[in-house]
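Observations on chain architecture
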Amino acid sequence: GNSVTQMEGPVTLSEEAFLTINCTYTATGYPSLFWYVQYPGEGLQLLLKATKADDKGSNKGFEATYRKETTSFHLEKGSVQVSDSAVYFCALSDRDFNKFYFGSGTKLNVKP
Amino acid sequence: DTEVTQTPKHLVMGMTNKKSLKCEQHMGHRAMYWYKQKAKKPPELMFVYSYEKLSINESVPSRFSPECPNSSLLNLHLHALQPEDSALYLCASSHRLAGGGDTQYFGPGTRLTVL
C-alpha cells in the first residue's frame, strides 16, 4: 500500500539556520511526491513537487530531491526565516489514481 | 490563476441545523475533493468528484452530503452534525483524477464549529 512517514515535530530553529525535514514513503509503482505548507488558520499551499526519480523540486529557497533508492523526499532550506514558521506536509500521489497520501505533518518554529 | 475559493470562512451551527459549504474553482479542473482536517492532523479525504460524478466516498456518515452542480462548483451539505464534526473543511481541485500525479490545489478552508 501507499504511505508517507515524516519526522516528528515540532522542529525549532533560529533564524538563518539550516532546515531538514525528513520524509520517506512506501508506494506501489512510481508516485509523484509533494511538499505542502500550511500557515495557521489557512489551507494547504503547494511548496514544491517532483514527478520522477532524481527530479529536484524547488521553490522559495526550499528544495527536495526524489530519491527512489532510499524512497525519500527530504525537504531542505539553507537559511530559514521567521516567516517560514508553519506546518509542512509531505504527500504522494500514485500514478493510476490521484488520491493523495499525507504524512502526519511537521511543525516548524523559527525564532528571531 | 490557481485559486480555489471557499465560503463561508467560519460557520457555527447547532446539531439540528442544516447548512452548506461552498467551493469554487475556475481553473478548468475536472476533479474536486472534500477533506476534513482536525487540529494538528493531516487532511483526511472525504469525497472525490471526477467530471461531476462522485468517484470516491471514504465511508463518510450520511449527515455529510456532497453535490457537484457543475464543473466549477462543489457543495457539502451538512445536517444533524455532531460536536466531533467540528474541524477545518478543505476543498481541493486537480486537473484530473485518473492518470495520477497531478497537483491538488487547496482552498483556504471553512472552520466549522458544531455546538
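This section reports on the structure supplied with the text. Worth saying up front: this structure is predicted, and the values here are computed from it rather than measured. (Residues numbered from 1 in each chain as written. Chains lettered and ligands numbered in written order. Predicted model: local features only at pLDDT ≥ 70, side-chain atom pairs only at ≥ 80, totals over all residues. Heavy atoms only, no water.)

1. Notes on the overall build of chain B
Within chain B, the regular secondary structure consists of zero helices and eleven strands. Listing every helix and strand of chain B by position from the N terminus yields β-β-β-β-β-β-β-β-β-β-β. Taken along the three principal axes of its C-alpha coordinates, chain B extends 40 × 25 × 25 Å. The buried share of chain B, reckoned over its 115 residues, is 50%. Long-range contacts, defined as pairs at least 24 residues apart, comprise 55% of the intrachain contacts of chain B with a sequence gap of at least 6. Counting only carbon and sulfur atoms, one obtains 50% of the accessible surface of chain B, whose full area is about 5400 Å². In chain B, which carries 13 positive and 10 negative side-chain charges, the distance between the mean positions of the two groups comes to 6 Å. (Helix = DSSP H or I, 4+ residues; strand = E, 2+ residues; numbered from the N terminus. Buried < 20%, exposed > 50% of the residue type's maximum accessible area, 1.4 Å probe, protein only. Contact = heavy atoms within 4.5 Å. Areas by Shrake-Rupley, 256 points an atom, 1.4 Å probe, with all protein chains shown as cover. Lys, Arg positive; Asp, Glu negative; His and termini not counted. Charge placed at Lys NZ, Arg CZ, Asp CG, Glu CD.)

2. With respect to the sheet that holds strand β7 (residues 56-59) of chain A
Residues and elements named next belong to chain A. The sheet built from four strands is open, its strands ordered β3-β9-β8-β7 with antiparallel pairing. A strand with exactly one partner marks an edge of an open sheet, and here the two such strands are β3 (19-21) and β7. Averaged over all adjacent pairs, the angle separating strand axes in this sheet is 15°, with direction ignored. Here β7 pairs with strand β8 (residues 62-65) via four bridges, running antiparallel. Bridge pairing in β8 links Ser58 to Glu63. (Pairing = 2+ DSSP bridges. Axes fitted to C-alpha atoms, helices over the stretch in contact; angles between N-to-C directions.)

3. A word on the environment of Leu21 of chain B
Residues and elements named next belong to chain B. Here Leu21 shows up in strand β3 (residues 18-25). With 72 residues separating them along the chain, Leu21 and Ser93 place their C-alpha atoms 15 Å apart. Apart from the residues within four sequence positions on either side, Leu21 is in contact with Thr7, Pro8, Leu11, Trp34, Leu74, Asn75, Leu76, Leu78, Tyr89 and Thr110.

4. Focus on the state of the cysteines
Residue and element names in this part refer to chain A. One pass over the structure, following the stated rule, counts two disulfides over all chains. Residue pairing for Cys23: its cysteine sulfur links by disulfide to Cys90, the two sulfurs lying 2.0 Å apart. When the S-S torsion is -70°, as for the bridge of Cys23 with Cys90, the disulfide is left-handed. Here Cys23, found in strand β4 (residues 23-26), pairs with Cys90, found in strand β10 (residues 86-93); they are 67 residues apart in sequence, far enough to count as distant. Of the two residues examined, Cys23 and Cys90, each falls in the buried class. (Disulfide = S-S within 2.5 Å.)

5. As for the pattern of salt bridges
Residues and elements named next belong to chain B. This model, assessed by the stated rule, comprises eight salt bridges over all chains. Across the salt bridge formed by Arg30 and Glu52, the nearest N and O atoms sit 2.7 Å from each other. With Arg30 in the loop between β3 and β4 (31-37) and Glu52 in the loop between β5 (44-50) and β6 (53-57), this residue pair connects regions lying 22 residues apart in the sequence. Given the relative accessible area of 27%, Arg30 is considered partly exposed. (Salt bridge = Lys/Arg side-chain N within 4 Å of Asp/Glu carboxyl O.)

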